[in-house]
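Here is what each chain is made of, one letter per residue.
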Amino acid sequence: PLRQATRPATAASTTTNVPTAIHRDRDGLVWGGRSVIADSSGSSAARIAAHLFGLGLLGFTTFLLLNSLVQAQEVKRDTIVGGICVYLLIGLCFTLVYHLLIDISPDAFASGGEAFAAEAHDSSSLSARLLYFSLITLTTVGYGDITPHGELAQMLSASEAIIGQLVAGLAH
């Protein structure tokens, strides 16, 4: 059951005593009303498990939606809205992939020459910056303010850019 709780400040979080409706298990997983997320102060294994779980759900949803769009006989307003949703869901999936990469290798991304993960003040700031990077990469705008470092981060970013162009090309 959900209960009202407060979370004290930790080294990974700058907020103090934020009221939340949560139940925290022994592994650091935070169980909320509709989602399972890893608390920024939880263990690395718990964060990785939560990101994998979220990626699985988002990936499956994206696949089902894309499959229904490909099988559509005619283009209607719902088909166009579905295409936009698929495009944005792909960006969210890559955001979780980048979260996993940072959990494994904190210096996978840099901003202004500094390790990206070290620059983020809290987990929501990190999530917002990774979502920004993902959507900028998906659209191939690429401002260059956040850069991937290492072969895996570079290949994932390049793959996202290619997928973004392919999905946009399917609309034609």
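No experiment lies behind these values; they were computed from the predicted model shown. (Residues numbered from 1 in each chain as written. Predicted model: local features only at pLDDT ≥ 70, side-chain atom pairs only at ≥ 80, totals over all residues. Heavy atoms only, no water.)

Considerations on the packing of helix α2 (residues 77–104) against helix α4 (residues 123–138)
- As a packed pair, α2 and α4 sit with axes 8 Å apart at the nearest point and diverge in direction by 125°. Compared by their axis directions, α2 and α4 come out oblique. The handedness of the crossing between α2 and α4 comes out as right-handed. Two secondary-structure elements touch here, α2 through Y87, L88, I90, G91, L92, F94, T95, Y98, H99 and I102 and α4 through L126, S127, L130, L131, F133, S134, L135, T137 and L138. (Axes fitted to C-alpha atoms, helices over the stretch in contact; angles between N-to-C directions. Helix = DSSP H or I, 4+ residues; strand = E, 2+ residues; numbered from the N terminus. Parallel < 35°, antiparallel > 145°, perpendicular 65-115°, else oblique. Left-handed = near helix turned anticlockwise from the far one by under 90°. Contact = heavy atoms within 4.5 Å.)

Quick look at the packing of aromatic side chains
- Taken as a whole and judged by the stated rule, the model has 4 aromatic pairs.
- With centroids separated by 6.1 Å and ring planes inclined at 45°, the aromatic side chains of F94 and Y98 adopt a geometry described as tilted. Here Y98 and F94 lie together in helix α2, a separation of 4 residues that amounts to about one turn.
- With 5.2 Å between their ring centres and 75° between their planes, Y98 and F109 make a pair best called edge-to-face. Linking Y98 in helix α2 with F109 in strand β5 (residues 109–111), this pair joins segments that are 11 residues apart in sequence. Here the two residues Y98 and F109 agree in accessibility, since each one is buried.
- Site record: aromatic cluster; members linked through ring pairs are F94, Y98, F109 and F133. (Phe/Tyr/Trp six-rings, centres within 6.5 Å; stacked < 30°, edge-to-face > 60°. Buried < 20%, exposed > 50% of the residue type's maximum accessible area, 1.4 Å probe, protein only.)

A word on the nonpolar core
- The biggest cluster of nonpolar side chains holds 19 residues, and the ones touching the most others in it are I90, Y98, L101, I102, F109, F116 and L130.
- Among the elements of the structure, α2, α4 and α5 (151–170) are those that each provide at least two residues to this core.
- Ranked by residue count, the leading element in this core is α2, at 7 residues.
- The contacts of L101, once residues within four sequence positions are left out, are A108, F109, L152, A153 and L156. (Core = buried A, V, L, I, M, F, W, Y, C linked by side-chain atoms within 4.5 Å.)

Focus on unusual backbone geometry
- With a phi close to 60°, T140 is a non-glycine residue in the positive phi region.
- Looking at the element boundaries, T140 is found in the loop between α4 and β7 (146–148).
- Taking the relative accessible area as the measure of exposure, T140 reaches 41% and is therefore partly exposed.

A few points about the confidence of the model for the protein
- Predicted confidence across the protein gives a mean pLDDT of 76, with 72% of residues reaching 70 or more.
- For the protein, per-element mean pLDDT is lowest for strand β4 (residues 36–38), which scores 42, and highest for α2, which scores 91.
- In this model residues 1–40 is a low-confidence stretch, pLDDT under 50, and it forms 75 contacts with partners more than four residues away in sequence or in other chains. (pLDDT = per-residue confidence, 0-100.)

As for the sheet that holds β7
- Taking strand neighbours across the sheet as the criterion, the 3 strands line up as β6-β5-β7 in an open arrangement whose pairing is antiparallel. Looking along the sheet, the strands with just one partner apiece sit at the ends: β6 (114–115) and β7.
- For β5 and β6, the ladder comprises 2 bridges, and the chain directions are antiparallel. Bridging across to β6, S111 finds its partner in E114. (Pairing = 2+ DSSP bridges.)

Points about the environment of V141
- Looking at where V141 falls in the secondary structure, it is placed in the loop between α4 and β7.
- Between the C-alpha atom of V141 and that of A161, which follows or precedes it by 20 residues, the distance is 9.3 Å.

Thoughts on α4
- With 16 residues, α4 ought to run about 22 Å at 1.5 Å a step, and its terminal C-alpha atoms sit 22 Å apart, in line with that.
- For α4, the full list of buried residues reads L126, L130, F133, S134, I136, T137 and L138.
- One or two steps after α4, the chain reaches T140, where phi turns positive at roughly 60°. (Expected span 1.5 Å × (residues − 1).)

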